[in-house]
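One letter stands for each residue in the lines below.
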Amino acid sequence: MSQTVIAGPIAAARSKPNSGAFGDKLFAAVAVSAGVLVLVILGAIIVSLFIGGLPSFRAFGIGFLWQSDWDPVQEIYGAAVPIFGTIVTSVLALILAVPLAFGIAFYLTELAPPTVRRIVGTAIELLAAVPSIIYGMWGFFVIVPLMATYIEPHVIDTLDGIPVLENLFAGPPFGTGLFTAALILAVMVIPFIAATMRDVFLTVPAVYKESAYGVGCTTWEVVRSVVLPYTRTSVVGGIMLGLGRALGETMAVTFVIGNTNRITANLFGSGNTIASLVALEFGESQNGSLKLSSLLALGFILFVISFIVLAISRLLLRPRAAAGAKA
Amino acid sequence: MSATTIGGGMTAPARDPRVAGLLSRRRQRANLAVKALCIAATVVGLVVLASILFTLIRLGIGGLRLSVFTRMTMPAGDNGGLLNPIVGSLIQTGIGTLIGTPIGIMVGTYLSEYARNSVLGNAVRFVSDVLLSAPSILIGLFIYQVFVNGRGYSGIAGALSLAVIMIPIVVRTTEDMLRLIPTALREAAVALGAPKWKAIVLICYRAALDGIATGVLLAIARVAGETAPLLFTSLGNDNWSIDLTKPMASLPLAIYKYAGSPADDWVQLAWVGAMLITFGVLALNIIARVAIRPRR
């Protein structure tokens, strides 16, 4: 008896999925193709940059990587200088940014009262939203004069006579150069590293921290001995994310790096990066020229480097994030 | 130090009270020093933000006149405005959003509703997350290679490059927001006989609407200030043009061109443009954050 009562609505429901079956299939197909499209975009980026760079790779071979000339007159192009500039500025930027980002994350998770935490946290995140070109203008009109008048002459004078450092921090005190570019890059990646660190610090189970406080640890000791070891992998992932961001940053660097194609050990000297060279020289390149091909080849190299760095960052950030979500 | 080190920087209390006192003071001092440094680091971050905003207002406000919005870009000294770059930016960002948002939402839907643990789903999620931070200049080169090369620079190419940059941002927020929706809600919809797609569109999207909208707003804010990809796609244009197949002006490109010029009125216009775009982008960010806050 009760069977028939239930059978009514079930039968009705059965007929409905049939009418929705086509919609379901269509929607699923659209969703899957959208997902596949993302993979296609990645493949297309790699392939299109490689094909574009092919004439250059053919002309210079693998030597393109360590050839340091960039001579449009004689049509000799090499990637050594921009690769050097890209790596030096990005690594230097991380050296400057990581301690500051850690300090901000420490402050936001352990020290700040909740209201301050929300406001300051938002302000730091807004720093990440400021467009790249604005950092370039700010760097060029505010930081460069500051570096030229106060910081660089002072540093050069102070370090004069100290081996290694004397050479490292040398160069014309024009304010532009590798160090200034690294400084601007550092400011730009701080919000990304700080936000990642803050988020992973918050995944540390309160019991661990409370136990450490319970045996008399100070805040610093808790962070150093409990929070950092617990989040080590993700912290490195966050730093790699910052590195990935710094490697491809274009407009800000273009404004302040000085844009000369030479390798120098002087951090105050000018240089270039892959992204800044491509942005500057692209407009002067003829369609189909070897120069354009070399720029695309540089783009291909930059994509490979950033992809590896960002992929490592993802892999490091993933397991702990999953564990944190469970906890 | 007479105290035994346990490791990881923790020290056992010493028996001698004088040593213990010294040690305790040392630890307190280290703690205070680190706290002070952390506060200093935070202040540095805030000072940078304040300095950027202050610089923009100081150098931009003086040039903010009605003519900026009503006159087109002109040769230096001719009292030009930013009308065509502003309109060009709006058009390219708008079309980029129209292309990028549906794709991004569908990818996010795929990851959350269809491929939670599939190999393809994990690959898509991984690649999307990597593209999220990929250098935007390379997106520009990519669009140049497949779309501009041979056909010429165009506004639609600029919009496409912005769309490619937007997709991963929308994907991330859409997936995150859809995952927050309780499975019971989906089950309830399906139990009532709704096909899966209706459950997703009518139930899940509606429940996740403000989260998805936040993602779209953040994506718009991100691409509105993008300069590098437009260099190779829409090129910029000093004349009035809303033809999508022709080179199109945009605010970031105008700022880039004017900021480096020797003409004072062009530099002034660059600052006005920079101020407009930065405060626009920051306002979008704040709106997006306020919109999502009540949910959490």
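Scroll up to find the structure.
Presented here is an overview of the structure given in this document. Just so you know, the residues in each chain are numbered from 1, in the order the chain's sequence is written. Both sets of labels track the order of writing: A upward for chains, 1 upward for ligands. Only residues with pLDDT of 70 or above have their local features reported here, since the model is predicted, and side-chain atom pairs are shown and tallied only from 80 upward, although totals for entire chains, interfaces and linings are computed over all residues. Working from all heavy atoms in the structure, the side-chain values ignore hydrogens and water.

Let us now look at the overall build of chain B. Each helix is a run of H or I in the DSSP string that is no shorter than four residues. Each strand is a run of E no shorter than two, and both are numbered from the N terminus. Of the regular secondary structure elements, chain B holds twelve helices and two strands. Ordered by position in the sequence, the α and β elements of chain B form the string β-β-α-α-α-α-α-α-α-α-α-α-α-α. The quantity called the radius of gyration is restricted to C-alpha atoms. Its globule counterpart is 2.2 Å times the number of residues to the power 0.38. Here chain B has a C-alpha radius of gyration of 26 Å; the compact-globule value for 296 residues is 19 Å, and the former is much larger. Three exposure classes are used, based on accessible area relative to the maximum for each residue type with a 1.4 Å probe and protein chains only: buried under 20%, partly exposed in between, and exposed over 50%. With 296 residues in all, chain B has 52% of them scored as buried. Here, residues are in contact when the closest pair of their heavy atoms is within 4.5 Å. Put simply, 71% of the contacts in chain B that link residues at least 6 apart link residues at least 24 apart.

Looking only at helices and strands, chain A features eleven helices and two strands. Put simply, chain A runs from its N terminus to its C terminus through helices and strands in the order α-β-β-α-α-α-α-α-α-α-α-α-α. Over its C-alpha atoms chain A spans a radius of gyration of 26 Å, topping by over 25% the 20 Å that the globule rule assigns to 327 residues. Seen through its C-alpha atoms, chain A measures out along the principal axes to roughly 100 × 65 × 35 Å. In chain A, which comprises 327 residues, the share counted as buried stands at 53%. For chain A, the share of sequence-separated contacts (at least 6 apart) that also reach a separation of at least 24 residues comes to 74%. Areas reported here follow the Shrake-Rupley algorithm with a probe of radius 1.4 Å; residue values treat only the protein chains shown as occluding. Total accessible area computed for chain A in this model is approximately 14200 Å², and 69% of it derives from carbon and sulfur atoms.

Right, let's get into the packing of aromatic side chains. Residue and element names in this part refer to chain A. Pairing of aromatic rings covers Phe, Tyr and Trp, the last through its six-membered ring, and needs centres within 6.5 Å; plane angles under 30 degrees mean stacked, over 60 mean edge-to-face, and all others mean tilted. Following the criterion strictly, the structure yields 23 aromatic pairs over all chains and no others. Seen from their ring centres, F60 and F64 are 6.1 Å apart, and the 20 degrees between their planes marks the pair as stacked. Here F64 falls in the buried class, since its relative accessible area comes to 1%. A connected cluster of aromatic rings, assembled from ring pairs, spans F50, F57, F60, F64, W70, Y77 and F300.

All right, on to the packing of helix 3 (residues 114-129) of chain A against helix 6 (residues 178-201) of chain A then. All names here are of chain A. The N-to-C vectors of helix 3 and helix 6 enclose an angle of 140 degrees; their axes lie 8 Å apart at closest approach. It follows that helix 3 is oblique to helix 6 by the angle criterion. Considering the relative orientation of helix 3 and helix 6, their crossing is left-handed. Facing helix 3, whose interface residues are G121, I124, E125, L127 and A128, helix 6 presents P191, F192 and R198. Comment: axis = line fitted to C-alpha atoms, over the contacting stretch for helices; angle = value between 0 and 180 degrees taken between N-to-C directions. For classification purposes, an angle smaller than 35 degrees is called roughly parallel, one larger than 145 roughly antiparallel, one from 65 to 115 roughly perpendicular, and anything else oblique. We call a crossing left-handed when the near helix sits turned anticlockwise from the far one by less than a right angle, and right-handed when that turn is clockwise.

Okay, the state of the cysteines next. Criterion for a disulfide: a pair of cysteine sulfur atoms at a distance within 2.5 Å. Tallied over the entire structure, the rule returns zero disulfides over all chains. In this structure C217(A) is not part of a disulfide, and its nearest cysteine sulfur, from C38(B), lies 16 Å away. What makes C217(A) buried here is its relative accessible area of 10%. A residue is classified by how much of its surface remains accessible, and C38(B), at 3% relative accessible area, is buried.

Moving on: the interface of chain B and chain A. Across the contact, 83 residues belong to chain B and 83 residues belong to chain A. What gets called buried area is simply the loss in accessible area from a 1.4 Å probe that two parts show on being joined, summed for both. Of the roughly 7200 Å² buried between chain B and chain A, counting both surfaces, carbon and sulfur atoms make up 79%. The term salt bridge refers to a pairing of a side-chain nitrogen on Lys or Arg with a carboxyl oxygen on Asp or Glu at a separation within 4 Å. Summed over the shared surface of chain B and chain A, the number is three salt bridges. Among the salt bridges present, the one from R314(A) reaches D129(B), with a minimum N-O distance of 3.8 Å. Whenever two N or O atoms come within 3.5 Å, that pair is a polar contact, provided that in protein one can donate a hydrogen and the other can accept it, and provided that, for residues adjacent in sequence, both atoms are side-chain atoms. Counting across the chain B and chain A interface gives eleven residue pairs in polar contact (both at pLDDT 80 or more). Per-element tally for the side of chain B that touches chain A: the top contributor is helix 1 (residues 17-60) of chain B, with 19 residues.

This part covers the nonpolar core. Generally speaking, soluble globular proteins have nonpolar side chains that are buried together. Nine residue types can take part in a nonpolar core, namely buried Ala, Val, Leu, Ile, Met, Phe, Trp, Tyr and Cys, and a core is a set of them joined through side-chain atoms within 4.5 Å. In terms of nonpolar packing, the biggest core is built from 174 residues, with Y135(A), L298(A) and I137(B) touching the most fellow members. In terms of residue count, helix 6 of chain A provides more of this core than any other element does, 16 residues in total. Not counting chain neighbours up to four residues away, the residues in contact with L298(A) comprise F64(A), W70(A), A79(A), P82(A), I274(A), L277(A) and V278(A).

As a further point, take the side chain of S234(B). All names here are of chain B. Here S234 lies in the loop between helix 10 (228-231) and helix 11 (251-259). On the basis of relative accessible area, S234 is assigned to the buried category, the value being 0%. In terms of polar contacts, S234 uses its side chain to reach the side chain of Q92, at 3.0 Å.

Before going further, it helps to examine the packing of helix 4 (residues 132-159) of chain A against helix 6 of chain A. Angle between the axes and distance between the axes: these two values describe a pair of packed helices. All names here are of chain A. Following both chains from N to C, one finds helix 4 and helix 6 inclined at 130 degrees, their axes separated by 10 Å at the closest point. Between helix 4 and helix 6, the angle falls in the class oblique. For the element pair helix 4 and helix 6, the recorded crossing hand is right-handed. On helix 6, the residues that touch S132, Y135, W138, G139, I143, V144, M147 and E152 of helix 4 are F179, T180, L183, I184, V187 and M188. Note on residue categories: nonpolar means Ala, Val, Leu, Ile, Met, Phe, Trp, Tyr, Cys or Pro, charged means Asp, Glu, Lys or Arg, and polar means any other residue, Gly included. Residues of the contact of helix 4 with helix 6, tallied by class, amount to ten nonpolar, three polar and one charged.

Turning next to the pattern of salt bridges. By the definition in use, this model includes 17 salt bridges over all chains. A salt bridge links R186(B) to E113(B); the nearest nitrogen and oxygen atoms lie 2.8 Å apart. On the criterion of sequence distance, the pair formed by R186(B) in helix 7 (residues 183-191) and E113(B) in helix 3 (residues 83-114) is long-range, its members being 73 residues apart. In this structure, R186(B) and E113(B) share a single accessibility class: buried. Between R179(B) and E175(B) there is a salt bridge, and its shortest N-O distance comes to 2.8 Å. In this pair, R179(B) and E175(B) are both assigned in helix 6 (residues 155-180), four residues apart and thus about one turn of the helix distant. Within the structure, one salt-bridge network assembled from shared partners comprises R314(A), R125(B), D129(B), R172(B), E175(B), D176(B) and R179(B).

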